[in-house]
Amino acid sequence: MFPVELRGTRAQTLMWAEEHAVEQAALQQLRNIAALQWVHGVRVMPDVHLGKGATVGSVIAMKDAVAPAAVGVDIGCGMESVKTDLTAADLPDDLRSLRSRIEAAVPVGFTAHDSAVNVTKLGGEVSALGASTATLRAGWDSFWRAFSSLDDGVQAREGKAHKQMGTLGGGNHFIEVCFDQDDAVWILLHSGSRNIGKELAERHMAVARTLPHNVDLPDRDLAVFLSGTPEMAAYRRDLTWAQEYAARNRAVMLALVCRAVRDEFAGRPVRFEQPISCHHNYVAEELIDGMPMLVTRKGAVRAGAGELALIPGSMGTRSYVVRGKGNPASFQSASHGAGRRMSRNAAKKQFTVADLVAQTEGVESRKDAGVVDEIPAAYKDIDEVIAAQRDLVDVVATLRQVLCVKG
């Protein structure tokens, strides 16, 4: 059944979703993207929905060009997960204590650590994850020294960036404890490059809009940088740094959560397997149809042959660990999650706290007005999303959350 070709586009646009099931504004956004002269092709994942400038759930292959909006403002946002040797039987019926311990370890929302996390003190947790303290610290000092080379406009933000390393943020970011189909316990988290990534993205988007080759675009938010220009070089420099910040942020968070779990189960040693990590807002240099391209994935993960990835649902449903099939038709990509079926404002108007309580029954989590916009009914059916991409990924594990931390 999939993919289907979107009608009325310049560059070929293949969708793992039915055209009638996608909002008209998102379809027009996809047509605007495909109309850009630098675009070789667009691929649309089953979690597709309207985004700013570029559509969430889109994979765009460009020749010698990149649109910052096709990455988004949360550069490097992605997922991290690890399987533990705990089982459902090891967990108590009441998980409030564990949630409180995790929330004490990882700041959420707009909050940050009082001081930068000392990664040398995370040795036990890193060793438990099958690595060493040196592995987590690898390149740590040189990474932070590179901050001085970033855009001049963010130089006053270095202290904040240090304190936000190892923090969750808000919105759809989360930390979860889950059971898989065999009742093994997993830790799953979702976050990105925090405020520093947002500021870098917005600054470069503003620069792109001023460039003369972007004057006649159908949408000013689709402004691009061209290879071989100083503006592209500056964006790629800051983008690469922000992608690394996001990956390190998740690694530090995971170590903090693992420490919280070990402390909660102090009566027995807890072991962890190798983590699985993936970006879903980023740029990569890849061969597409035999040609070198700059590929942006915004709300999409790479699903190369044999590569593991994480596709979360919503709080109260389930998430999936998948293995990519390397399908060239999708530019070796898959969805990044369930995808929203309604805006945050619409969800707040339609649903109540009582609805949230009912839809998250059995999940230890916040159940208040501050997270009503994250109610499961505001998202697409994750099982349908997974079924739509059976030619893109194989399911390795199905995760059912029993604890969810949100900002």
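Nothing here was measured: the structure is a model prediction, and the numbers come from that model.

(A) Just the nonpolar core, in detail. One finds Ile-102, Trp-144, Ile-175 and Trp-241 to be the most contacted residues of the largest nonpolar core, which totals 84 residues. If one sorts the elements of this core by residue count, helix 8 (residues 230-264) sits on top with 15 residues. Apart from residues no more than four positions distant in its own chain, Trp-144 is found in contact with Glu-158, Ala-161, His-162, Met-165, Trp-241 and Tyr-245. In this structure, Ile-276, Val-295, Tyr-320 and Val-371 belong to the second largest nonpolar core, which totals 50 residues.

(B) Structural detail: helix 2 (residues 96-105). Taken as a whole, helix 2 has its buried residues at Leu-98, Arg-99 and Ile-102. Relative to the axis of helix 2, the buried residues are bounded by an arc of 100° and lie together on one face. Those residues of helix 2 that are exposed and angled more than 90 degrees off the buried face are Arg-96 and Ala-104. Along its buried surface, helix 2 packs onto strand 7 (174-179), helix 8 and strand 17 (393-405).

(C) Fine view of the UniProt feature "binding site: Mn(2+) 2" (unreviewed entry) in the protein. Within this numbering scheme, the UniProt entry marks His-190 and His-280 as carrying the feature "binding site: Mn(2+) 2" (unreviewed entry). In summary, the annotated positions, though distributed over 91 residues, converge in three dimensions, the widest C-alpha pair being only 10.2 Å. Secondary-structure assignment places His-190 in strand 8 (residues 184-191). We classify His-190 as buried; its relative accessible area is 4%. What His-190 contacts, discounting residues up to four positions off in sequence, is Cys-77, Gly-78, Met-79, Leu-168, Asn-172, His-173, Phe-174 and His-280. Mapped onto the elements of the fold, His-280 is located in the loop between strand 10 (276-279) and strand 11 (281-288). Assessed through its relative accessible area of 2%, His-280 is described here as buried. Those residues in contact with His-280 that lie beyond four places of it in its chain are Cys-77, Gly-78, Met-79, His-190, Arg-297, Lys-298, Gly-299, Ala-300, Val-301 and His-336.

(D) The arrangement of the packing of aromatic side chains in detail. A complete count under the given rule lists nine aromatic pairs for this structure. With a centroid separation of 5.4 Å and an interplanar angle of 80°, the aromatic rings of Phe-147 and Trp-241 are classed as edge-to-face. With Phe-147 in the loop between helix 5 (140-145) and helix 6 (158-164) and Trp-241 in helix 8, this pair connects stretches of sequence that are 94 residues apart. Phe-147 gets classed as buried once you look at its relative accessible area, which sits at 0%. Note on Trp-241: relative accessible area 5%, which makes it buried. Each member of the aromatic cluster is reached from another via a ring pair, and the members are Trp-140, Phe-143, Trp-144, Phe-147, Trp-241 and Tyr-245. Over the ring of Phe-143 we find Arg-248; its NZ or CZ atom is 5.2 Å from the centre of that ring. Lying across the ring of Tyr-379, Arg-340 places its NZ or CZ 4.9 Å from the centre.

(E) Just the pairing of strand 8, in detail. For strand 8, a buried count of eight out of eight residues is recorded, marking the element as mostly surrounded by other parts of the structure. Burial along strand 8 is two-sided: Ala-184, Trp-186, Leu-188 and His-190 and Val-185, Ile-187, Leu-189 and Ser-191, pointing in opposite directions, are all buried. Sheet topology places strand 7 next to strand 8; six bridges connect them, and they run antiparallel. Within strand 8, the residue paired with Phe-179 across the bridge is Val-185. Following strand 7, the chain reverses through four residues before pairing antiparallel with strand 8; Asp-183 in that reversal takes a positive phi of roughly 70°.

(F) Looking closely at the sheet that holds strand 4 (residues 56-62). Reading across the sheet, the six strands line up as 1-2-3-4-12-11 and stay open at both edges, with mixed pairing between neighbours. Of all strands in the sheet, those with a lone pairing partner are strand 1 (4-5) and strand 11, marking the two edges. Helix 1 (residues 24-34) contacts strand 2 (12-15), strand 3 (39-49) and strand 4 of the sheet and is inclined by roughly 160° relative to strand 3. Strands in contact with helix 8 are strand 11 and strand 12 (291-298); relative to strand 11, the strand with the most contacts, it is inclined by about 115°.

(G) Representation of empty space enclosed by the protein. Under the criterion given, the structure shown has one cavity of 30 Å³ or more. Within this model, the largest cavity holds a volume of roughly 40 Å³. Surrounding the largest cavity, Thr-84, Leu-86, Leu-91, Leu-98, Val-177, Val-185, Ile-187, Val-261 and Phe-265 form its lining. Residue assignment for the lining of the largest cavity shows that the elements contributing at least two residues are strand 6 (78-87) and strand 8. Here the residues of the lining of the largest cavity are counted per class, giving eight nonpolar, one polar and no charged.

Rules used throughout
Residues numbered from 1 in each chain as written. Predicted model: local features only at pLDDT ≥ 70, side-chain atom pairs only at ≥ 80, totals over all residues. Heavy atoms only, no water. Core = buried A, V, L, I, M, F, W, Y, C linked by side-chain atoms within 4.5 Å. Buried < 20%, exposed > 50% of the residue type's maximum accessible area, 1.4 Å probe, protein only. Helix = DSSP H or I, 4+ residues; strand = E, 2+ residues; numbered from the N terminus. Contact = heavy atoms within 4.5 Å. Arc of directions from axis to C-beta. UniProt positions renumbered as here; feature names shortened; annotations may be inferred. Phe/Tyr/Trp six-rings, centres within 6.5 Å; stacked < 30°, edge-to-face > 60°. Lys NZ or Arg CZ within 6 Å of the ring centre and 35° of its normal. Pairing = 2+ DSSP bridges. Axes fitted to C-alpha atoms, helices over the stretch in contact; angles between N-to-C directions. 1 Å grid on protein atoms, 1.4 Å probe; cavity = no way out; pocket = protein on both sides within 12 Å on 5 of 7 lines; lining within 4 Å. Points joined across faces, edges and corners; volume = space filled by probe spheres on them. Nonpolar A, V, L, I, M, F, W, Y, C, P; charged D, E, K, R; others polar.

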